[in-house]
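Here are the chains, one letter per residue:
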Amino acid sequence: MELEQIQATELSPPLESTIGSEDRGETDRRRLAREADLIKAGRGPINKWLGIPQRFHGKSLANLTGVADKIGAGKEALAVGKSIFITGGCGTGKTHLALGLLLWWSGVRWETPAFDNRVWRSVALTSWIELLLELKRGFGAGRSEAEMLEKYDKEMFVLDDLGAERISEWSRETCYALLDRRYRHVRQTIITSNLDLNGIAKTFDDRIASRIVEMAQVIELEGKDYRLKDFPQQTKKGKGKK
């Protein structure tokens, strides 16, 4: 059965729980490998299961061009348990790379016998602004910050657009509490930000930048905003029209 046709409740249990490691069937290995490839490509229900926003469905490493070295560095880091910090200007593909690496990580986990292949249970994904808004709503409902942050205490956490708001003492301390907990418990995190490490240190805190340096592979994306690449031509063509 192809992954697109599988419902969450129909997924098979982890391979090792049903077949001994010595007698694992070639059919099962091929099935898991095929499903893992679909996950890495961002096809099927995996986007919904991981909570990937609709605009980014199918944004895999396979359709991210011109950054093969960055992709390689990201895979190597994730394979050895490191986190990743992706920095670059607007429209350089930071979120695409982050989600592509998340899909790749999920695909690898899917076909790993010792790992529960229900990978979506081990992933949390949000943007920095959404996280802060959720915390504020929770405060209004009488929930504690510690209780709400437990939602993101997963094996893999993707935090998009760190620093995309006016920094306050509260948001600074929230960022430190979140990342420091993941640092201490050696949990993998993929972070994207328009800020480089110097910017993180200046805008947030030296402690936060220090944690990122130790726990993460830093990947810098360069180039112009791909969203605006055709804007000058459009403006020029439209000049003089009423």
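Refer to the preceding data block for the structure.
A brief structural summary. (Residues numbered from 1 in each chain as written. Predicted model: local features only at pLDDT ≥ 70, side-chain atom pairs only at ≥ 80, totals over all residues. Heavy atoms only, no water.)

### Thoughts on the layout of surface pockets
Just so we agree on the cut-off: The pocket and cavity definitions rest on a 1 Å grid over protein atoms only: a 1.4 Å probe that fits but cannot leave marks a cavity, an open set with protein on both sides within 12 Å along at least five of seven lines marks a pocket, and residues lining either have an atom within 4 Å of a point. Grid points are joined across faces, edges and corners, and a volume is the space filled by probe spheres set on the points. Strands here mean DSSP runs of E at least two residues long; helices mean DSSP runs of H or I at least four residues long; both are numbered from the N terminus. Each residue receives one of three labels: charged for Asp, Glu, Lys and Arg, nonpolar for Ala, Val, Leu, Ile, Met, Phe, Trp, Tyr, Cys and Pro, and polar for the others, Gly being one of them.
Estimated volume of the second largest pocket: approximately 170 Å³. In this structure, the second largest pocket is lined by Pro53, Phe56, Thr95, Leu99, Leu125, Thr126, Ser127, Ile129, Glu130, Val158, Asp160 and Asp161. Put simply, the parts of the chain that give the lining of the second largest pocket at least two residues each are α5 (94-110), β2 (123-127), α6 (128-140) and β3 (156-160). Looking at the lining of the second largest pocket, the element that brings in the most residues is β2, giving three residues. A class-by-class count of the residues in the lining of the second largest pocket yields six nonpolar, three polar and three charged.

### Concerning the nonpolar core
The line we're drawing: Nine residue types can take part in a nonpolar core, namely buried Ala, Val, Leu, Ile, Met, Phe, Trp, Tyr and Cys, and a core is a set of them joined through side-chain atoms within 4.5 Å. Per-residue accessibility, obtained with a 1.4 Å probe over protein chains only, is compared with the maximum for each type, and a residue is labelled buried under 20%, exposed over 50%, and partly exposed between these values. We call two residues contacting when some pair of their heavy atoms lies within 4.5 Å.
Counting 31 residues, the largest nonpolar core has Leu50, Leu78, Ile84, Ile86, Leu97, Leu102 and Ile190 as its most contacted members. Listed by contribution, the elements that provide at least two residues to this core are α2 (26-40), α3 (46-50), α4 (68-79), β1 (83-88), α5, β3 and β5 (216-221). Not counting the four nearest positions on each side in its chain, Ile190 is found in contact with Leu78, Ile84, Ile86, Ala98, Leu101, Leu102, Met156, Phe157, Val158 and Leu159. Of all hydrophobic cores here, the second largest spans 24 residues; its members include Ala124, Phe204, Ile208 and Met215.

### Notes on α6
Definition in use: Multiplying 1.5 Å by the residue count of a helix minus one yields the expected span of that helix. The directions considered for the arc are those from the helix axis to the C-beta atoms.
The end-to-end C-alpha separation of α6 is 19 Å, in line with the 18 Å expected for 13 residues at 1.5 Å each. Among the residues making up α6, those that are buried are Trp128, Leu131, Leu132, Leu135 and Gly138. Projection of α6 onto a plane perpendicular to its axis shows the buried side chains occupying an angular sector of 120°, all on one side. Among the exposed residues of α6, those pointing more than 90 degrees away from its buried face are Lys136, Arg137 and Gly140. Elements in contact with the buried residues of α6: β2, α7 (145-149), β3 and α8 (169-184).

### Focus: the pairing of strand β4 (residues 188-193)
The criterion, for reference: Following DSSP output, two strands are said to pair if at least two bridges run between them. Handedness of a crossover: with both strands directed away from the viewer, a clockwise path from the first strand across the helix to the second marks it as right-handed.
For β4, a buried count of six out of six residues is recorded, marking the element as mostly surrounded by other parts of the structure. What you see with β4 is no split at all: Gln188, Ile190 and Thr192 on one side and Thr189, Ile191 and Ser193 on the other are buried throughout. The pairing of β1 with β4 spans four bridges and is parallel. Residue pairing in the sheet places Ile86 in a bridge with Thr192 of β4. For the crossover from β3 across α8 to β4, the handedness is right-handed.

### A closer look at the environment of Gly81
Inspection of the secondary structure puts Gly81 in the loop between α4 and β1. Classification of Gly81 by relative accessible area gives partly exposed; the value is 33%. Considering only alpha carbons, one finds Gly81 and Arg187, 106 residues apart in sequence, at a separation of 8.0 Å.

### Observations concerning the packing of aromatic side chains
Under the convention used in this document: In this analysis, rings of Phe, Tyr and Trp, with Trp reduced to its six-membered ring, are considered paired at centre separations within 6.5 Å, and the interplanar angle assigns stacked below 30 degrees, edge-to-face beyond 60, and tilted for intermediate values. We call a charge positioned over a ring when the NZ of a Lys or the CZ of an Arg lies within 6 Å of the ring centre and within 35 degrees of the ring normal.
One pass over the structure, following the stated rule, counts three aromatic pairs. An angle of 70° between the planes, with centres 6.2 Å apart, marks the rings of Trp128 and Phe204 as edge-to-face. In this pair, Trp128 is assigned in helix α6 and Phe204 in the loop between α9 (197-203) and α10 (206-215), connecting sequence segments 76 residues apart. Exposure remark for Trp128: the relative accessible area of 0% places this residue in the buried category. When its relative accessible area of 4% is taken as the criterion, Phe204 is described as buried. Summarising the aromatic geometry, the rings of Phe139 and Trp170 are spaced 5.9 Å apart at their centres and angled 65° between planes, so their arrangement reads as edge-to-face. Of this pair, Phe139 sits in helix α6 while Trp170 sits in helix α8; the two residues are 31 residues apart in sequence, bridging distant segments of the chain. Taking NZ or CZ as reference, Arg207 lies 3.8 Å from the ring centre of Tyr176, over its face.

### Some details on unusual backbone geometry
Phi at Asp161 takes a positive value of approximately 65°, unusual for a residue other than glycine. Along the chain, Asp161 turns up in the loop between β3 and α8. You will see that Val186, though not glycine, has its phi angle at about 50°, which is positive.

### Brief notes about the pattern of salt bridges
Formally: Only one rule defines a salt bridge in this text: a Lys or Arg side-chain nitrogen within 4 Å of an Asp or Glu carboxyl oxygen.
The final tally for this structure, using the stated rule, is 12 salt bridges. Measuring nitrogen to oxygen at the nearest pair gives 3.1 Å for the salt bridge that ties Asp153 to Arg181. Of the two residues, Asp153 sits in the loop between α7 and β3 while Arg181 sits in helix α8, which places them 28 residues apart along the sequence. Given a relative accessible area of 23%, Asp153 falls into the partly exposed group. Judged by relative accessible area, Arg181 falls into the partly exposed class, the value being 37%. Salt bridges sharing common partners tie together Asp153, Arg181 and Arg187.

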